[in-house]
Amino acid sequence: PFQMSYRLKFKEPLGKGWRRVVREQIELAVKGLNSGTDVDVAIHETRKSMKRVRALLKLLQPGLSAADYNRENQRYRDVARLLSGVRDHAVLSATAETLSKEATGSARQAADAFLALVTAESESRAFGSNVKVVHEAERKKAARVREAIAALEVAAKSLDKLRVKQSSFEIVRRGVERSYRNARRDMKRSFATGIDEDFHVWRKSVQAHWRHMLLIDRAWPDMFAARAQLAKDMSDLLGLDHDLYVLIERANSLSDDDMEGSGR
């Protein structure tokens, strides 16, 4: 229900509107983390909520002092980082599996061999770790969740103190323009350098634009819904690109012993 209201309403004063959106995302995150059921899903959803809040802050940036913007952006980034698990291994397996399904001939054999290697590593981690190690990992995760909930409760209390210099939609218009200009700059840099990290930065800019379109879609529903969908599609493609990069890096790091069977 909260996600449906991730948008600014034109009959609502901007100051009231953006606080409502942030508060709803905080409540959504805290409720999930407090539920105690399926912690991994709650963590994933909380990280998405933090991205939504940070996209909104980016939209409001022209109306915030540099100190306020940096502090608040850091605050929500820190919560997300607290909860960032090691997802690379799961992504690696999924990417290798997709490659295996889509490839043919020797490429498929190589992808299958690589997938087998990654799966074997994953299983040896799961079964090789004793009960004590597993308990310790769960204890650390629970501690990080508690820390994140405490940080979010502090964030909720500090919301009313945060001031936007000019409470009008002119701030939002400037925020969209600035963010989009920066995204185009990131795109050009990516193609100029060809460096994965630059494409990764561009993806974050694309995600911010996608969320900005959702926030203001009432202004021009057909146009902004189309832009949001295009930006989402671009973000997914750039995400796949990054997953392949992670896989290539892992393949390049294999020792000669591993390489023989994995078709590097």
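Residues numbered from 1 in each chain as written. Predicted model: local features only at pLDDT ≥ 70, side-chain atom pairs only at ≥ 80, totals over all residues. Heavy atoms only, no water.

1. Considerations on the packing of helix H7 (residues 169–193) against helix H8 (residues 196–215)
To keep it simple, the criterion reads: A fitted line through C-alpha atoms serves as each axis, taken over the contacting stretch for helices, and the angle formed by two N-to-C directions is quoted from 0 to 180°. Here a strand is any run of E in DSSP of at least two residues, a helix any run of H or I of at least four, and the numbering for each starts at the N terminus. Just so you know how the angles are binned, under 35 degrees is roughly parallel, over 145 roughly antiparallel, 65 to 115 roughly perpendicular, and the rest oblique. Definitions for this section: a left-handed crossing has its near helix turned counterclockwise from the far helix by less than a right angle. A right-handed crossing has that turn clockwise. Contacts are residue-level and defined by heavy atoms, with any inter-residue pair within 4.5 Å sufficient. Put simply, Ala, Val, Leu, Ile, Met, Phe, Trp, Tyr, Cys and Pro go in the nonpolar bin, Asp, Glu, Lys and Arg in the charged bin, and everything else, Gly too, in the polar bin.
Contact geometry of H7 with H8 gives a least axis separation of 8 Å together with a crossing angle of 155°. As judged from the angle between their axes, H7 and H8 are roughly antiparallel. For H7 against H8, the interelement crossing comes out left-handed. Counted together, Val176, Ser179, Tyr180, Ala183, Asp186, Met187, Arg189, Ser190, Phe191 and Thr193 of H7 and Asp198, Phe199, Val201, Trp202, Ser205, Ala208, His209, His212 and Met213 of H8 form the full contact between these two elements. Residues that form the contact of H7 with H8 fall into these classes: 10 nonpolar, six polar and three charged.

2. Observations regarding the packing of aromatic side chains
Selection criterion: Side-chain rings of Phe, Tyr and Trp (the six-membered ring for Trp) are treated as a pair once their centres are within 6.5 Å; stacked means planes under 30 degrees apart, edge-to-face means over 60, and tilted covers the remaining angles. Charges are assigned to positions over rings by a cutoff of 6 Å between ring centre and Lys NZ or Arg CZ, combined with an angular limit of 35 degrees from the ring normal.
In total, this model carries five aromatic pairs according to the counting rule given. Relative to phenylalanine 169, the ring of phenylalanine 10 lies with its centre 4.9 Å away and its plane at 35°, an arrangement referred to as tilted. Of this pair, phenylalanine 10 sits in the segment before helix H1 (14–35) while phenylalanine 169 sits in helix H7, and the two are 159 residues apart along the sequence. The rings of Phe191, Phe199 and Trp202 are connected pair by pair, giving a single aromatic cluster. The ring of tyrosine 180 carries arginine 227 above its face, with NZ or CZ at 5.2 Å from the centroid.

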